[in-house]
Amino acid sequence: MLRDRALQACVVNALEPEWEARFEPRSYGFRPGRGCHDAIEAIYWTLNGKHAKRQWILDADLSAAFDRLDPKVKKAITQIPEDA
């Protein structure tokens, strides 16, 4: 079990910097150093800040959004271009 944890840590250390650079800055789910309180604060300031323009926020659960896609389509949309 200790070996598995060490291997997982190596993989995280290798992949995390690359993937963190690709994420949307306003994405808060399962990200290092970010949590639900950060998301709530961002929502608050989006709605109540000095130059607030938005009047609503969309919260969507997309966990099953791709369950019925054709496997070929699913594969095509999950591939990341080499130069991205």
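Calculation rules
- Residues numbered from 1 in each chain as written.
- Predicted model: local features only at pLDDT ≥ 70, side-chain atom pairs only at ≥ 80, totals over all residues.
- Heavy atoms only, no water.
- Salt bridge = Lys/Arg side-chain N within 4 Å of Asp/Glu carboxyl O.
- Helix = DSSP H or I, 4+ residues; strand = E, 2+ residues; numbered from the N terminus.
- Buried < 20%, exposed > 50% of the residue type's maximum accessible area, 1.4 Å probe, protein only.
- Phe/Tyr/Trp six-rings, centres within 6.5 Å; stacked < 30°, edge-to-face > 60°.
- Lys NZ or Arg CZ within 6 Å of the ring centre and 35° of its normal.
- pLDDT = per-residue confidence, 0-100.

A. Geometry of the pattern of salt bridges. Scanning the entire structure with this criterion turns up 2 salt bridges. Taking the shortest distance from any N to any O, the salt bridge between Glu 20 and Arg 31 comes out at 2.8 Å. Of this pair, Glu 20 sits in helix α1 (residues 2-22) while Arg 31 sits in the loop between α1 and α2 (36-48), and the two are 11 residues apart along the sequence. On the basis of relative accessible area, Glu 20 is assigned to the partly exposed category, the value being 24%. Judged by its relative accessible area of 7%, Arg 31 is buried.

B. Quick look at the packing of aromatic side chains. Counted by the stated rule, this structure contains 1 aromatic pair. Their ring planes at 85° and their centres at 5.0 Å tell us that Tyr 44 and Trp 45 sit as a pair that is edge-to-face. Taking the ring centre of Trp 19 as reference, the NZ or CZ of Arg 22 above it sits at 5.4 Å. The aromatic ring of Tyr 28 is capped on one face by Arg 34, whose charged end is 5.2 Å from the ring centroid.

C. The confidence of the model for the protein, seen in detail. Chain-level statistics for the protein give a pLDDT mean of 83 and a share of 94% at 70 or above. Of all the helices and strands in the protein, helix α3 (residues 71-78) carries the lowest mean pLDDT, 79, while α2 carries the highest, 90.

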